[in-house]
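Notes for the structure review
Single-letter residue listing:
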Amino acid sequence: DDLSDSEDSVYSGLEDSGSDSEEEEGSDDDEKEGSDDNEEEGSDDDEKGGSDDDEKEGSDDDKVKCKQVSLCVGLTADWLLLKVSSDIRNTVGNIPMEWYKDFPHVGYNLDGKKIYKPIRNKDELDDFLDKMENPEYWRTVHDKQTGSDVVLSDDQVELVNRLQRGQFGDVNFNEYEPMAEFFSSDVMIHPVTNRPADKRSFIPSLTEKEKVSKLVHAIKMGWIKPRRVEDDGRGRYYDLWTSEDSSILARHRMHLPAPKIPLPGHHESYNPPPEYLFTDEERALWEQQDPVDRKLPFVPRKYSSLRQVPAFSHFIHERFERCLDLYLCPRQRKMRVNVNPEDLIPQLPKPKDLQPFPTTQSLVYRGHSGLVRSISVSPSGQWLASGNLTQLRKDSGSPDPDPTICFIKKKTFKDSVVLILSPSLADKQVTLSSERLLSAQQEGEEPAEGNGSVVWSEAEGEELNQGLRLKIQHPKAVHQVVWHAKGDYLASVMPDNTSHLQVYIHQLSRRRSQNPFSKNKGLVQCVSFHPIRPYFFVATQRSIRIYNLVKQEMTKKLQTNSKWISSMAVHPGGDHVICGSYDCKLSWFDLDLSTKPYKMLRHHKKAVRGVAYHRLYPLFASASDDGSVIVCHGTVYNDLLQNPLIVPVKVLRGHVMTHDLGVLDVTFHPTQPWVFSSGADATIRLFT
């Protein structure tokens, strides 16, 4: 019997497929004769196989082999299955077998009878058991044409592996054997073949003529249409600013024209005037400047003729910058809100409506020979105490806030002793109260914690006659002493970043001293007592800590946003704090609002040395090294929803700058809207 087309193609492919081609050529006749027997045997073998090539993995070795086979099955499944099947039962040809998925058969045999699909009732559990128990599962391939499973032989598996590795199917084929050149490199006289040319090579083809005539007729009738040109609008590049004046964009209300290139000037000429050429100094300065800061992007040069002008070295860079100008140009015009700049300024009251406040210099106190570091006014406002590095001068009372007692504290910046004096400047009742408090000593009191470093002693002899009553010896130099509102407590500051013994609180009635801090929280600059509540303010270099003396805990930490705090003052109401810093800032804190400054004032040009609140009037002042005292109006409202009103009202000048130092301290009169200031020029000035 003659082989069909499909069988011929299969066997023709098998002849070139590998080493087993010769065996199959000899067994063609036997396979044809015993097709029925092989058909039954093949069906039995197929029933023993597993499932499709994309089933679940088995053992480790089988997994690897199964993966290798499954990767190649997609390309050579039909060809390989036809090679394996010795009898070609299905004669449907090379068509998609999906066409038979809705039919009970998969094709027709050589006799024209239907080949029915095998009954497959395997579920996933049966397939899994087959995978575990059948050792030939990994080499089993499903034949879609016959619906059966085929077990690949060792030679076929090796063939698949070779194809997967990109090798030739035939083992004996040598791809590197030398090529037999049919044409030699020598030019021959006679041609290779002397066969005359065919007649058809000179006569037009009638078949092609018929095809062309049919295509022409179809195009004329409209049956064949030319290919539609796709709109490639996304990929087309065009000049964004071409003919912008007459384009649709130019008529658009929000259109912006492209920025024009400035016209060339004399400096761009090849023969510019001499005044446009750079000198050596100008050229050196031009080279040192940044490209952004240069007025010209090039150096003007002079040439005798246009032929000698070389190519512009920054041409590409200049074109790139121009492209950036066009690309980054805004495509939309934003409507600017017409706002009067004066409306943006907050409406502050006029200074004349905020009177009274000091405006003019009234008195100048002289007598010190050096820098007047600190000043203090008595509660009655009749006396003024001032001190410098070497002496204490009593110009006109007791810095103690309690009006029922009268004494003065004395300290220097290089001395570790705090002296308590009774000047006897008040009436007799106040003087007796002061003497009684200074002479009182409680016996049987245990020393407080931290007082081992502080020594209390009484004055004797000549010192007693001079008004000196008590001496408080500290371990280090004292920089600041502040009083409590009741007059029985005072605090001293000894800045030292290496120790926690920086602040001491002393009690006069019991002669006791205490260090409230057990750890070093930073370099302490100044301290202050709360005027009403038992709070203690400690200012370090960058922050202000507020401690509750009753609960002995920190209640709040204020962030000043300054580099170095110099001074601090607490509002008489106790809810606001101002602090000055050496970086020319004055910070106002609202303790009920936030831990950050409510307002930052930068009116001074140099370091702020001192700040002060007035006890009765809504005024506060700041002293700076620029030689000025700025008085501000600061009204605090009882309504918590209304912010404080802060208005600078006056700048007071009069101190002379000495050694780059100006005003060192400032304080208000207790009852009048007056301010005292002490400066580096060894004077104290009163502004009223």
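Per an unreviewed UniProt entry, the recorded name for the chain is Ribosome biogenesis protein BOP1, and the organism is Neolamprologus brichardi. The UniProt entry for the chain carries the following comment under Sequence similarities (unreviewed entry): "Belongs to the WD repeat BOP1/ERB1 family." Listed in UniProt under the heading Function (unreviewed entry), the comment for the chain reads: "Component of the PeBoW complex, which is required for maturation of 28S and 5.8S ribosomal RNAs and formation of the 60S ribosome."

Before going further, it helps to spend a moment on the overall build of the chain. Scanning the chain from N- to C-terminus turns up 14 helices and 31 strands. Here the chain, with 688 residues, has 38% of them falling under the buried criterion. Of the roughly 44900 Å² of accessible surface on the chain, a fraction of 51% belongs to carbon and sulfur atoms.

What follows concerns helix α8 (residues 206–221). Given a rise of 1.5 Å per residue, 16 residues ought to cover 22 Å, and the 23 Å separating the end C-alpha atoms of α8 matches this to within 8%. Within α8, only one of the 16 residues are buried, leaving the element largely exposed. The opening residue of α8, the one whose side-chain oxygen lies 3.4 Å from the backbone nitrogen of Thr207, is Ser205. In the segment just after α8, Gly222 is the residue with positive phi, at about 85°.

To continue, consider the side chain of Arg511. Among the structural elements, Arg511 can be located in the loop between β15 (503–507) and β16 (512–514). A distance of 3.2 Å separates polar atoms of two side chains, one belonging to Arg511 and the other to Glu458.

Before going further, it helps to spend a moment on the packing of aromatic side chains. Inspection of every chain in the model, using the stated rule, returns eight aromatic pairs. With a centroid separation of 5.8 Å and an interplanar angle of 80°, the aromatic rings of Trp588 and Tyr613 are classed as edge-to-face. Remark: Tyr613 occurs in strand β25 (residues 608–613) and Trp588 occurs in strand β23 (residues 586–590); sequence separation between them is 25 residues. Taking the relative accessible area as the measure of exposure, Tyr613 reaches 11% and is therefore buried. Feature note: the residues Trp588, Tyr613 and Phe620 constitute an aromatic cluster, connected by ring pairs.

The next point concerns the sheet that holds strand β19 (residues 543–548). As summarised here, the arrangement of the four strands in space is β17-β18-β19-β20, forming an open sheet in which the pairing is antiparallel. The open sheet is flanked by β17 (526–529) and β20 (553–559), the only strands paired with a single partner. The mean angle between the axes of side-by-side strands here comes to 20°, regardless of whether they run parallel or antiparallel. Across five bridges, strand β18 (residues 535–539) lies against β19 in antiparallel orientation. Residue pairing for β19: Ala539 is matched across the bridge by Ile544.

Its volume calculated, the second largest pocket comes out at about 1300 Å³. Along its surface, the second largest pocket is lined by 33 residues, and Pro297, Phe298, Phe312, His314 and Glu318 are the ones closest to its centre. With seven residues, helix α11 (residues 315–327) is the single largest residue contributor to the lining of the second largest pocket. Broken down by class, the residue content of the lining of the second largest pocket amounts to 18 nonpolar, five polar and ten charged.

Time to look at the pattern of salt bridges. A full pass over the atoms with the stated rule returns twelve salt bridges. Measuring nitrogen to oxygen at the nearest pair gives 3.2 Å for the salt bridge that ties Asp198 to Arg195. Linking Arg533 and Asp575 is a salt bridge whose minimum nitrogen-to-oxygen distance equals 3.6 Å. Of the two residues, Arg533 sits in the loop between β17 and β18 while Asp575 sits in the loop between β21 (565–570) and β22 (576–581), which places them 42 residues apart along the sequence.

Thresholds applied
- Residues numbered from 1 in each chain as written.
- Predicted model: local features only at pLDDT ≥ 70, side-chain atom pairs only at ≥ 80, totals over all residues.
- Heavy atoms only, no water.
- UniProt positions renumbered as here; feature names shortened; annotations may be inferred.
- Helix = DSSP H or I, 4+ residues; strand = E, 2+ residues; numbered from the N terminus.
- Buried < 20%, exposed > 50% of the residue type's maximum accessible area, 1.4 Å probe, protein only.
- Areas by Shrake-Rupley, 256 points an atom, 1.4 Å probe, with all protein chains shown as cover.
- Expected span 1.5 Å × (residues − 1).
- Polar contact = N/O pair within 3.5 Å; in protein donor to acceptor, adjacent residues only side chain to side chain.
- Phe/Tyr/Trp six-rings, centres within 6.5 Å; stacked < 30°, edge-to-face > 60°.
- Pairing = 2+ DSSP bridges.
- Axes fitted to C-alpha atoms, helices over the stretch in contact; angles between N-to-C directions.
- 1 Å grid on protein atoms, 1.4 Å probe; cavity = no way out; pocket = protein on both sides within 12 Å on 5 of 7 lines; lining within 4 Å.
- Points joined across faces, edges and corners; volume = space filled by probe spheres on them.
- Nonpolar A, V, L, I, M, F, W, Y, C, P; charged D, E, K, R; others polar.
- Salt bridge = Lys/Arg side-chain N within 4 Å of Asp/Glu carboxyl O.

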